[in-house]
Amino acid sequence: MVLLMANVVVVSAAGVKVDNDQRLWYEQPAKVWLEALPLGNSRMGAMVYGGTDVEEIQLNEETFWSGGPHNNNSTTSLQHLNEVRRLIFEGKEKEAEDIINREFVKGPHGMRFLTLGSLCLNFGHQKVEEYVRELDLQTATNTTSYIYNNVRYTRRVIASLADGVVVVNVKANKKGALSFRMSHKCQFPLRVETRHRWQSPLTAGKNISGASLVATIQGVEQEGIPAALTAQCVTEVRADGKVELEDGTITIENATEATLYISAATNFVNYHDVSGDAASKNERFLDHAEAMNFDQLQKRHLEVYQKQYGRVKLSLPSTDNHLLPTDKRLDKFYGSKDMGMVALLFNYGRYLLISSSQQGGQAANLQGVWNDKRNAPWDSKYTININAEMNYWPAEVCNLSETAEPLFSMIKDLSVTGAETARTMYGCRGWVAHHNTDIWRIAGPVDGAFWGMFPNGGGWLTTHLWEHYQYTLDKDFLKEYYPVMKGAADFYLDYMVEKDGQLLVVPSVSPEHGGKGKSSPVCAGCTMDNQIVRDVLSQALAAARILGEDPDYQQKLAKAISMIPPMKVGQYGQLQEWREDMDDPRDEHRHISHLYGLYPSNQISPYTTPDLWKAAGMTLQQRGDQATGWSLGWKTNFWARMLDGNHAFTIISNMLRLLPNEGREREYPDGRTFPNLFDAHPPFQIDGNFGVTAGIAEMLLQSQDGTVHLLPALPDAWSEGGVSGLKARGGYTVDLMWRKGALVEAVVEAKEKGVLRLRCKDTLMAKGLKQVGAHDGVYEYEISVEKGQKVKIVHKNGV
C-alpha cells in the first residue's frame, strides 16, 4: 500500500531531505532543559542543548537511583486489618484512614532517579549565523549546525541502540579551526579525573590524539536508606588536533574533527544485588565502540533503530505551518489545519518509547530515562495507579512489542517482592504492589492512605502480560508469565471480603479521589477495584484454560468472578465511581479511574453494555476537556472508545498548546506541551506523550473485543491520510488509507490461520468477505484467513 504523503520534504541541518512530521527543529539553542532535545538507548539518556558558546549534554544512566536494596513492608498492618475493615463498613472511613496512615504506611516512600550531571563543551562561539538544531526521528540523530567566523561547525549526536554508548561528532569545514574545552558538572558529589588514552585500532598510525574524562558520581541516601550505588561516566575523545589535560578538563586545539564516546554505568546488578563493577562495564562498551568511527557507529545504530521505528508510518494533511520551527509550529497549532503536527506528536511518542525502553534494561520511569534535577518530581519513580501503565499503552498497537520487555521484567521482580508484602502486611497468598515502586521494587504503600492504599497496582500491571499474549499469540510467553498472573489472582482471592453475597477489595481507594460528602477516600469495592479484579481473575482463568492448568482452580476463579459487584449508573446518568452514588457532576478531577473499564479494559462497550457506555460518556462530559497532560492522554483514548473522533481530537488540540518553560507556567495556563514536545503535567511527565500516542492509534484502529474495527474514531479534521504497520489483537498487522473520511483500502496480514472479524462504518468488499451484521450504521464482516495471508479490502463503491 502506498500512503498518502501530504507534506513537503525539506532539507535538514545535516543537508539531507527530511519530513518535518518526523523532525523537531529550532533556530536557537535551548536555554532550559525543557527546550533541549532527548536521545536515548534505554541504558543511557542524553539531553542536548545545542549551545554555541557552551554546549551542554545532560546525561542519565537508567540504574542510577538513590538508596539501596530494601523493602517498605509494615509489620503492624496485619493486626489492624480487620479493625480497618470494620470501620469502613460502619461508615467510619476517616478513623480507618488514620489507622492506615499510622500502621500500614511506614515508609520509606520510594527512592529517586538521579542525574549524572552534564558534559560541557566550551567553544566560545557567541555570534553565529545560519544556526539550526534538530532531532531527526527517522535516524534518531541530533544535529547542530552554524557558521562562526566564516567556518561551518556541525555537531552530530546519537545514543546508539546497537553499541550502548552516546557518541558526539564535531566537525569544522576549515582545517584546524576546531578548538574547545571539555568538563563535567553535577549536583551530586563528584570526582573528575583526566587520563591520556592509548591509541585504539581506529587511531593507530594516524595523527589522532586521545584522552579520557572520567567522572565518578556518588549516590545519595534517602529516608534513611544508605546510598548503595556509585556511577561512573567516561567520555573518551579522539581528535586530529592537540589534546591537553589540566585540572579535570580536556582541551582540544587546532583540530578539524573530534569524536566523543560516552559511556556510563553503576554497580547495580538487580534490585537485591549491587556488586557490579561500573568501570569494567564502561571499559567493555568503550573498547568495542572506539574501534569504529562515527559514521560506522551511526550505521549500526540505524540498523537497529529503524527496524523498530520504521514499522509504522502515519500521514495526515498539513499546511505551510509544517515549514516552521517546531516551537513556532506548536504555538500556531491550536485552531489550525496542520494535522501533520499530530503525526509529529505520534512519531515522537514512538521515538521516546524506543529510546527509553529496550530489552534487558529498566522500564521507562515517570520521565522515561531523562532527568536533570537533584530531586526529580515525584522522584521519577514508577507510579502504578496509572502512569507506568500508560507508558506502555503504545507498545503493542504501535508494533513496538519488544519495548515492553523491561516492564515485564519489572512485573516479575514485583511478583517476588510483592509476595513478601502480601504475606507480611495482609496474611495473603500471591503478591501485591500498591500505587508506587522504584528500582528496588518496593511493594508496600507509600505517601499516605489517600494515595497509597491502592492494592491494585500489581494486578493492573499483570493485564499488560495478557495484552502482550493477545497481540502476539506467544504461548511460550504466556506459559512463562502464568505464575505471575496467577499470583496476582491468588492475592485477590485471599484479600477480598465477602459482604452481602459480593466480594469486595477492602481497604482500598479510587486513586487520589474521594466521593462527595466523604472526609476520606478510603473505601470498599470502588468501581476501579472491581474492574481490575475482574480483569485479573478473568485473564488468569483464560490463561489457565489455554495452558490446561488445574480445573479446580479454574472453577474457583469463575465463582469469584461471578461475585464481583457490577458497575452502576448513578443519579446524574454517570458511571458511579463508588458503590455509593456520591459522584459530583461539577468535579473535573484529573483521575477518571472508574473508566478503566472503558479503556484500557473492555468491560464497557457500545455493543455489549450500551447503558454503561452511555454513562461513561456522561462521566467524560462532566469531567471536562481540560486536565493535566497525562490525563489528557487518557481522555484521548476514552473518547476514541466512545467512537467520537472529533471529541478525541479536541483533547489532542488541548494538549498541543505551548507551555514555553517551567518559569512561565502562569502565563500559559492552558499549555500542556513544552517546546521540546515533552508532556507538561506540569512539570514534565512522559506518560502524557505515550498516552496520546496510543490514543491516536486507538482513533484509527481498535480490536479489544475480538473484532478489528477500522477507522473507529476518525475526526473530521483528518479527512484524508494513511497509516501502516499498526497491530491488532489476534496477531494482525493493519495498513489503512482513507479519503474524504471514508476507508479507501485496508491490508490486513494474519499471523495465524483463523477467522478475521472486521467492523467499519463503510461498505467494504474483498474476495471471501461476508457481511454478518450491522449496529448503528457500522457494518460487521468476516473472512477466513491463512497463516501469513494478506487480505486486501476496498470500499465497495469507491471513494
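We now turn to the structure provided with this report.

Calculation criteria
Residues numbered from 1 in each chain as written. Predicted model: local features only at pLDDT ≥ 70, side-chain atom pairs only at ≥ 80, totals over all residues. Heavy atoms only, no water. Salt bridge = Lys/Arg side-chain N within 4 Å of Asp/Glu carboxyl O. Helix = DSSP H or I, 4+ residues; strand = E, 2+ residues; numbered from the N terminus. Buried < 20%, exposed > 50% of the residue type's maximum accessible area, 1.4 Å probe, protein only. Phe/Tyr/Trp six-rings, centres within 6.5 Å; stacked < 30°, edge-to-face > 60°. Lys NZ or Arg CZ within 6 Å of the ring centre and 35° of its normal. Pairing = 2+ DSSP bridges. Axes fitted to C-alpha atoms, helices over the stretch in contact; angles between N-to-C directions. Expected span 1.5 Å × (residues − 1). Contact = heavy atoms within 4.5 Å. Lys, Arg positive; Asp, Glu negative; His and termini not counted. Arc of directions from axis to C-beta. Polar contact = N/O pair within 3.5 Å; in protein donor to acceptor, adjacent residues only side chain to side chain. Core = buried A, V, L, I, M, F, W, Y, C linked by side-chain atoms within 4.5 Å.

Attention now goes to the pattern of salt bridges. All chains considered together, the criterion is met by 37 salt bridges. The salt bridge involving Glu-467 is made with Arg-729; its shortest N-O contact spans 2.7 Å. With Glu-467 in helix 11 (residues 457-472) and Arg-729 in the loop between strand 28 (721-728) and strand 29 (732-739), this pair connects stretches of sequence that are 262 residues apart. Glu-467 sits in the partly exposed class, given a relative accessible area of 22%. Here Arg-641 ties to Glu-698 by a salt bridge, and the two come within 2.7 Å at their closest N and O atoms. Here Arg-641 is found in helix 16 (residues 629-641), whereas its partner Glu-698 is found in helix 18 (residues 687-700), with 57 residues between them in sequence. Across the pair, Glu-698 and Arg-641 agree in class, each one buried.

Moving on to the packing of aromatic side chains. Applying the stated rule across the entire model yields 31 aromatic pairs. Ring geometry for Phe-491 against Tyr-495: centres 4.9 Å apart, planes inclined by 25 degrees, an arrangement best described as stacked. With Phe-491 and Tyr-495 both in helix 12 (residues 475-495) and four residues apart, the pair spans about one turn of that helix. In this structure Phe-491 comes out as buried when scored by relative accessible area, which is 1%. Following the ring pairs from residue to residue traces out a cluster consisting of Trp-33, Tyr-305, Tyr-309, Tyr-348, Tyr-351, Trp-370, Phe-678 and Phe-684. Here the basic side chain of Lys-412 rests over the ring of Tyr-481, its NZ or CZ set 4.5 Å away from the ring centre. Above the face of the Tyr-607 ring, Arg-759 is positioned so that its terminal group lies 4.0 Å from the ring centre.

Take the sheet that holds strand 16 (residues 242-246) next. In spatial order, the strands read 4-5-6-7-12-17-16; together these seven strands make up an open sheet with antiparallel pairing. Taken across any chain shown, the strands that pair with only one partner, and hence form the sheet edges, are strand 4 (37-40) and strand 16. Between one strand axis and the next, the sheet turns by 20 degrees as a mean value, whatever way the strands run. In terms of strand pairing, strand 5 (residues 44-48) meets strand 6 (residues 54-61) through five bridges, oriented antiparallel. Of the residues in strand 6, the one forming a bridge with Gly-45 is Asn-60.

Peptide bonds are, in most cases, trans, and in most cases residues other than glycine have a negative phi. Cis geometry marks the peptide bond from Gly-107 to Pro-108, where omega comes out at -5 degrees. Within the element layout of this structure, Pro-108 appears in the loop between helix 2 (93-103) and strand 7 (117-122). Not every positive phi belongs to a glycine, and Ser-42 is a case in point at roughly 80 degrees. Tracing the backbone shows Ser-42 in the loop between strand 4 and strand 5.

To continue, consider helix 1 (residues 77-89). Three or four residues apart is the spacing at which side chains of an α-helix point the same way, because the helix has 3.6 residues per turn. Between its first and last C-alpha atoms helix 1 spans 18 Å; for 13 residues at 1.5 Å apiece the expected length is 18 Å, and the two agree. For helix 1, every residue scored as buried is listed here: Ser-77, His-80, Leu-81, Val-84, Arg-85, Leu-87 and Ile-88. Contacts made by the buried residues of helix 1 are with helix 2, helix 9 (405-426), helix 12, strand 22 (497-499) and strand 25 (522-523). Following helix 1 by one or two positions, Gly-91 has its phi on the positive side, about 80 degrees.

You can see Asp-535 is positioned in helix 13 (residues 527-547). Nearest to the buried, unbridged Asp-535 among oppositely charged side chains is Arg-534, at 7.1 Å. When neighbours within four sequence positions are excluded, Asp-535 is seen to be in contact with Thr-463, Tyr-596, Ser-601 and Gln-603.

Let's shift gears to helix 3 (residues 278-289). If you check helix 3, its first and last C-alpha atoms are 17 Å apart, about what 12 residues at 1.5 Å a residue would give, namely 16 Å. Of all the positions in helix 3, only Ala-278, Asn-282, Leu-286 and Ala-289 are classed as buried. Axial view of helix 3: buried residues confined to an arc of 60 degrees, hence all on one face. Buried positions along helix 3 lie against strand 15 (230-239), strand 18 (257-266) and helix 4 (294-309). Among the residues of helix 3, the N-terminal cap falls to Asp-277, whose side-chain oxygen and the backbone nitrogen of Ala-279 are separated by 3.1 Å.

Moving on, we come to the pairing of strand 28. Across the eight residues of strand 28, eight count as buried, placing the element largely inside the fold. Relative to strand 28, strand 19 (residues 313-315) runs antiparallel, the two sharing three bridges. Note that in strand 28 the partner of Leu-314 across the bridge is Val-723. Taken together, the six bridges between strand 28 and strand 29 define a ladder with antiparallel strand orientation. Bridge assignment links Leu-726 to a residue of strand 29, and that residue is Val-734.

On to the nonpolar core. Of all hydrophobic cores here, the largest spans 240 residues; its most connected members are Met-182, Val-342, Tyr-426, Leu-537, Trp-634, Leu-710 and Trp-718. Residues in contact with Tyr-426, not counting those within four places in the same chain, are Leu-78, Leu-81, Phe-104, Thr-421, Val-432, His-434, Met-453, Phe-491 and Tyr-495. Counting residues in hydrophobic clusters, the runner-up holds 11 residues, among them Val-165, Leu-286, Met-292 and Phe-294.

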